[in-house]
Amino acid sequence: MNYKNIIIISLVLLLAGCNEYGLNEKSINQPSLLKYKNSGFALIYDENLIKKKKISKKIDNRGLIIFHKNLKKNSFVKITNPINEKTIIAKVVSNKVVFSDFYNSVITDRIVEELSLNTKEPYIDLILISQNSTFIAKKAKTFDEEKNVAEKAPIDGIKIDNLGSTIKKEKTIKVSKFLYSIKVADFYYKDSAKNMTVRIKNETSLEEPFIKKLSKTKYRVLLGPFNDIKKLEDSFNKIKLLNFENLEIIKND
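Everything numeric here is computed off the predicted structure, so don't read it as measured data.

Trainee: What is the right way to look at helix α6 (residues 190-203) in this model?
Mentor: Each full turn of the α-helix corresponds to 3.6 residues, which orients residues three or four apart in the same direction. When the terminal C-alpha atoms of α6 are compared, their 20 Å separation across 14 residues agrees well with the 20 Å that a helix rising 1.5 Å per residue should span. Regarding α6, the residues found buried are Ser 192, Ala 193, Met 196, Thr 197 and Ile 200. Axial view of α6: buried residues confined to an arc of 145 degrees, hence all on one face. Set apart from the buried face of α6 by more than 90 degrees, the exposed residues are Asp 191, Asn 195 and Asn 202.

Here it is, written out as structure tokens:
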């Protein structure tokens, strides 16, 4: 048996041991080991948020920029409006800004306009993009160019086209009712998911977590559904006390 075969067999045995002892459950719920993504509500920046102390720092409303609590400064994210599938690339300009954990980011009026977001229901999909991408290097230059132009232009009426963007035909958007669930975590084993629901009931006032089977080896613990944003936010804040790293808000079909 050669050296290469020994390595392959060792890896197989290691993975089998991880499955037996449930070690992969930790990795399946560890966002830092995976490509970061999150679905949820964004906080649309407004000067009044500063006055009401809902946010600790101002942002330039003319830019394709965001605040985020977990992602590194100067990283880039793809933000999508799942309703109409419009997408933009934005730059994280700070990860030290204080705002409610209920929101997955703080976005600008420019982003709202580009994505045609519903300001009463600003639900977005956010994905971290690799810094090694050549497209991102190009986009970084675009960002700096736009910033220079925006600083010299009035806030109203500014319109800068994204370089390399393609024109899409407008789709007929079907109006859907407000109905969302909170994704707590995914588990490899159903028993582990059941244990999590017990923990939620014991350690919070939330009484009805449930399990959704996604596959033979993936079980999702959810809360909801909620048809009111205030109840959704209240439940989100309660489950946040258990210190989950990447809670998501999932739109129900």
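Once the structure has been displayed, the description carries forward.
Trainee: Is there a simple way to think about the nonpolar core in this case?
Mentor: Where a protein is soluble and globular, its nonpolar side chains tend to be buried together. Counting 24 residues, the largest nonpolar core has Phe 41, Val 184, Ile 200, Leu 223, Leu 232, Ile 239 and Ile 249 as the members making the most contacts within it. Elements represented by at least two residues in this core include exactly β8 (180-187), α6, β10 (218-226) and α7 (229-240). Once you skip the residues sitting within four places of it in the chain, Leu 223 turns out to touch Ser 181, Ile 182, Val 184, Ile 200, Leu 206, Glu 208, Pro 209, Phe 210 and Ile 239. Core analysis: the next-biggest nonpolar cluster, separate from the first, contains 18 residues, Ile 44, Ile 79, Ala 90 and Ile 124 among them.

Trainee: What am I meant to see in the packing of aromatic side chains here?
Mentor: When we look at a pair of aromatic rings, we describe it by the centre distance and by the angle of the planes. Considering all chains together, one arrives at nine aromatic pairs under this definition. Between Phe 41 and Phe 178, the aromatic rings sit 6.0 Å apart at their centres with planes inclined by 10 degrees, giving stacked as the arrangement. Here Phe 178 lies in the loop between α5 (134-152) and β8 and Phe 41 lies in strand β1 (residues 37-41), a separation of 137 residues in the sequence. No difference in accessibility class separates Phe 41 from Phe 178, as the two residues are buried. Their ring planes at 75 degrees and their centres at 5.2 Å tell us that Phe 102 and Tyr 103 sit as a pair that is edge-to-face. Members of the aromatic cluster, each reached through a chain of ring pairs, are Phe 41, Phe 102, Tyr 103, Tyr 123, Phe 178, Tyr 180 and Phe 236.

Trainee: How do you make sense of the pattern of salt bridges when you look at a structure like this?
Mentor: Where charged atoms from two side chains of opposite charge come close, those side chains can pair. Applying the stated rule across the entire model yields ten salt bridges. Here Lys 69 and Asp 101 are joined by a salt bridge, their closest N and O atoms 2.6 Å apart. Of this pair, Lys 69 sits in the loop between β3 (65-67) and β4 (76-81) while Asp 101 sits in the loop between β5 (86-94) and β6 (106-107); the two residues are 32 residues apart in sequence, bridging distant segments of the chain. Residue classification places Asp 101 among the partly exposed positions, given a relative accessible area of 35%.

Trainee: What is the right way to look at the pairing of β10 in this model?
Mentor: Note that β8 and β10 share six bridges and pair antiparallel. Along β10, the bridge assignment pairs Asp 186 with Arg 220. The pairing of strand β9 (residues 210-215) with β10 spans five bridges and is classified as antiparallel. If you follow Lys 212 over to β10, its bridge partner there is Arg 220.

Trainee: Honestly, unusual backbone geometry in this entry has me stumped. Any pointers?
Mentor: A cis amide bond, omega 0 degrees, links Gly 224 with the succeeding residue Pro 225. Considering the arrangement of structural elements, one finds Pro 225 in strand β10. If you check the backbone angles, Lys 53 has positive phi at about 60 degrees while not being a glycine. Mapped onto the elements, Lys 53 comes out in the loop between α3 (47-51) and β3. With relative accessibility at 75%, the residue Lys 53 sits in the exposed group. Positive phi values are uncommon outside glycine, yet Ser 116 reaches one of about 55 degrees.

The rules behind each value
- Each chain has its residues counted from 1, running along the sequence as written.
- This being a predicted model, a pLDDT of at least 70 is required before a residue's local features are given, and a value of 80 or more before pairs of side-chain atoms are given or counted; all residues contribute to the totals for chains, interfaces and linings.
- With hydrogens and water excluded, all non-hydrogen atoms of the structure serve as input to the side-chain values.
- Think of it this way: any DSSP run of H or I at least four residues long counts as a helix, any run of E at least two long counts as a strand, and we number them from the N terminus.
- By this rule the span expected of a helix is its residue count minus one, scaled by 1.5 Å.
- Whether a residue is buried, partly exposed or exposed follows from its accessible area with a 1.4 Å probe, protein chains only, as a fraction of its type maximum: under 20%, in between, or over 50%, in that order.
- Note that the arc is computed from the directions linking the helix axis to the C-beta atoms.
- In this text, buried Ala, Val, Leu, Ile, Met, Phe, Trp, Tyr and Cys residues form a nonpolar core when linked through side-chain atoms within 4.5 Å.
- Two residues qualify as a contact provided that any one of their heavy atoms is within 4.5 Å of a heavy atom in the partner residue.
- Pairing of aromatic side chains here covers Phe, Tyr and the six-membered ring of Trp, requires ring centres within 6.5 Å, and sorts the geometry by plane angle: under 30 degrees stacked, over 60 edge-to-face, intermediate tilted.
- Every case where a carboxyl oxygen of Asp or Glu lies within 4 Å of a side-chain nitrogen of Lys or Arg is listed as a salt bridge.
- For two strands to pair, DSSP has to find at least two bridges joining them.

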